[in-house]
Amino acid sequence: MGMTGNELEIIMNKQKAYYVSGVTRSLAFRIMMLQKLYDAIEHYEKEITDALHKDLRKPPLETYVTEIGFVLSSITHTLKHLDEWMAPEKVKTPLHLQPATSMIIKQPYGIALVIGPFNYPLQLLLDPLVGAIAAGNCAVLKPSEDAPHIASVVEKLIDRTFPSDYVTVVQGGKEVTTTLLAAPFDYVFFTGSAAVGKVVMKACAERLTPLTLELGGKSPVIVDSTADIRKTAEKIVWGKFLNTGQTCIAPDYVLADVSIYDQLLDEMKKAIQRFYGKDAQKSPDYGRIINNRHYQRLANILEQDQLYIVDGGRVDAEDLYIEPTLLALPDWNQASMQEEIFGPILPILPYESLGLAIQQISALPKSLAAYFFTENEKAADHFIEALPFGGGCINDTISHAGNIHLPFGGIGPSGMNQYHGKASFETFSHSKSILKKSTAVTMSVSYPPYKGKLSFVKRFIR
Ligand code: NAD
């Protein structure tokens with residue numbers, strides 16, 4: 001459903017009352033709700049799979065691994081650890097503040113707004129929701145209007161699982177999101193483009209609402225001369241063409257040592273054939289571009305960079321199909337290097353010196369991910385040290401986001417704050433610091449009159 005400001009006020013008031021009643025706080029309630037979410041996702045597995053096939057032609061295996069199974073295992077992990085995460089953390093108290101105990105108590109923010117993108121439209125709404133529930137919040141979810149089939153399945157799933165006073169879905173695009181962003185939410189969790197991220201942050205600035213931004217960017221891959229080229233090619237091709245390149249942490253472009261450049265190109269072509277056959281359009285394992293707007297954007301990049309196509313390049317507007325495409329680029333000045341590609345087009349550029357390559361990447365906005373393929377430990381350490389980026393892998397792509405023990409998020413223009421696993425619980429919790437004083441003894445040295453007390457104070461505070 002769409003929504004007016006009045007309707008939103010009603011939703012917010014109901015959620016506020018529900019939150020203030022305190023029911024969302026207990027461990028038992030959180031566990032019960034997470035379990036309900038788990039069961040609902042399992043129950044709707046087929047509808048989810050069908051909807052994602054309609055929206056993105058997402059292959060069922062990808063849907064299970066990156067959407068359904070991803071959220072299920074996140075719930076499983078949370079159920080297992082929630083009591084320990086919720087426990088107040090005792091910390092020391094310095095001598096001059098004694099007698100007292102000190103602790104950090106994790107408390108929910110209140111009502112959280114979660115805004116999702118189109119590319120992993122189930123995962124990127126429901127995994128933040130796992131964190132919001134685990135931390136004891138109420139939540140409003142705003143799915144992407146660009147993936148309408150899954151958006152309506154998510155709405156149904158949430159409607160039938162939770163009272164709307166607790167968790168609800170609001171549908172709509174820019175206009176509805178603008179209305180939502182003006183409302184007094186206690187936390188905003190946004191996943192999407194950097195351009196909209198700025199709009200979200202500005203709106204949050206108005207109310208000083210705390211927020212998480214999960215954005216994108218041009219995530220680089222570097223391949224040095226020591227890398228295992230065949231395996232490297234496979235891992236890059238897999239990470240790039242998964243979900244038709246519409247992955248926030250997909251390799252955006254590759255910098256390859258000039259000595260292995262041709263070999264890498266050759267192995268990547270072979271990997272594409274092994275994965276998707278001679279005609280990827282006929283492969284059940286290759287998806288489609290989300291809509292005509294994005295298709296046109298990508299087709300436009302291809303047209304401008306057509307001179308450099310060394311593999312793929314075929315397109316079909318009716319079918320929103322873009323073939324897995326490799327571009328052999330001589331330098332950084334081409335259309336495909338101007339902004340995040342977010343589609344199945346992969347530029348590959350040669351480099352002569354690793355240090356220089358890292359310097360060149362460093363001059364660009366800090367990326368969400370970065371990947372380095374090498375057998376050289378020292379070079380790997382240098383890459384990790386020298387290049388700022390959200391997170392990444394050595395000798396793999398994408399997989400760091402699948403490890404629930406690793407907090408996930410960007411840096412600067414690729415986002416702020418992190419989630420996944422325990423980090424999700426922490427992101428949706430406020431750490432309230434409490435010093436609990438014993439009234440048994442009062443140290444009066446800190447009270448006026450101060451005369452003669454300074455040297456004594458200096459003994460404790462130093
Ligand atoms: P988007 O920014 O266009 O849309 C995201 C959400 O913002 C949608 O729900 C949309 O309705 C809303 N929105 C759009 N324009 C708005 C406006 N002017 N004001 C308020 N709200 C608005 O992003 P997208 O195209 O759905 O997703 C692709 C982008 O998301 C890529 O840049 C990708 O890298 C990024 N992404 C990041 C992550 C991550 O985890 N960091 C994950 C997936 C995608």
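**Quick word on the site of the ligand**
Here is step 1: With respect to spatial proximity, 28 residues lie near the ligand, and among them G116, E145, S193, L215 and E340 are the closest.
Here is step 2: Within the contact set of the ligand, an oxygen atom lies 2.6 Å away from a side-chain nitrogen or oxygen of E145.
Here is step 3: Between the ligand and G192, the relevant distance is 3.2 Å, taken from an oxygen atom to a main-chain nitrogen or oxygen of the residue.
Here is step 4: For the ligand, whose free accessible area comes to 840 Å², the fraction covered by protein is 91%.

**Things to note about the pairing of strand β7 (residues 211–214)**
Here is step 1: A two-sided burial pattern is seen for β7, the buried positions comprising L211 and L213 on one face and T212 and E214 on the other.
Here is step 2: The pairing of strand β6 (residues 187–191) with β7 spans 4 bridges and is parallel. Its bridge partner being in β7, T191 is matched across the sheet by E214.
Here is step 3: Handedness of the crossover is the feature at issue here: the chain leaves β6, passes through helix α8 (residues 194–207), returns alongside β7, and the resulting connection is right-handed.

**Some words on the sheet that holds strand β17 (residues 415–416)**
Here is step 1: Taken together, the 6 strands give an open sheet; going across it, the order is β5-β4-β3-β6-β7-β17, and neighbouring strands pair in mixed fashion. Edge positions in the sheet fall to β5 (167–169) and β17, since each of these pairs with one other strand and no more.
Here is step 2: Where β7 and β17 come together, 2 bridges link them in antiparallel fashion. Note on β17: the bridge partner recorded for E214 is G415.
Here is step 3: Against the sheet, helix α7 (residues 174–182) contacts β3 (111–115), β4 (138–142) and β6, and its axis sits at roughly 155 degrees relative to β3.

**Overview of the domain arrangement of the protein chain**
Here is step 1: Once the domains are mapped, the protein chain shows domain 1 (5–215 + 415–434) and domain 2 (220–409).
Here is step 2: Computed from C-alpha coordinates alone, the two centres of domain 1 and domain 2 are separated by 30 Å.
Here is step 3: Counting residues at the interface gives 23 residues for domain 1, matched by 25 residues for domain 2.
Here is step 4: Of the roughly 2,100 Å² buried between domain 1 and domain 2, counting both surfaces, carbon and sulfur atoms make up 53%.

**Quick notes on the packing of helix α12 (residues 354–362) against helix α13 (residues 377–386)**
Helix-helix packing: each pair is described by the crossing angle between the helix axes and the interaxial distance.
Here is step 1: Put simply, α12 and α13 touch, their axes get as near as 11 Å, and they point 20 degrees apart. Taken together, the axes of α12 and α13 are roughly parallel relative to one another. As for how α12 packs across α13, the hand of that crossing is right-handed. In this structure, α12 uses L354, I358 and S362 to contact α13, whose residues at the interface are A379, H382, F383 and A386.
Here is step 2: Class assignment for the residues of the contact of α12 with α13 results in 5 nonpolar, 2 polar and no charged.

Procedures and definitions
Residues numbered from 1 in each chain as written. Predicted model: local features only at pLDDT ≥ 70, side-chain atom pairs only at ≥ 80, totals over all residues. Heavy atoms only, no water. Near = heavy atom within 4 Å. Polar contact = N/O pair within 3.5 Å; in protein donor to acceptor, adjacent residues only side chain to side chain. Areas by Shrake-Rupley, 256 points an atom, 1.4 Å probe, with all protein chains shown as cover. Buried < 20%, exposed > 50% of the residue type's maximum accessible area, 1.4 Å probe, protein only. Helix = DSSP H or I, 4+ residues; strand = E, 2+ residues; numbered from the N terminus. Pairing = 2+ DSSP bridges. Right-handed = clockwise from strand over helix to strand, strands pointing away. Contact = heavy atoms within 4.5 Å. Axes fitted to C-alpha atoms, helices over the stretch in contact; angles between N-to-C directions. Domains from an automatic or database assignment. Buried area = accessible area lost by both parts, 1.4 Å probe. Parallel < 35°, antiparallel > 145°, perpendicular 65-115°, else oblique. Left-handed = near helix turned anticlockwise from the far one by under 90°. Nonpolar A, V, L, I, M, F, W, Y, C, P; charged D, E, K, R; others polar.

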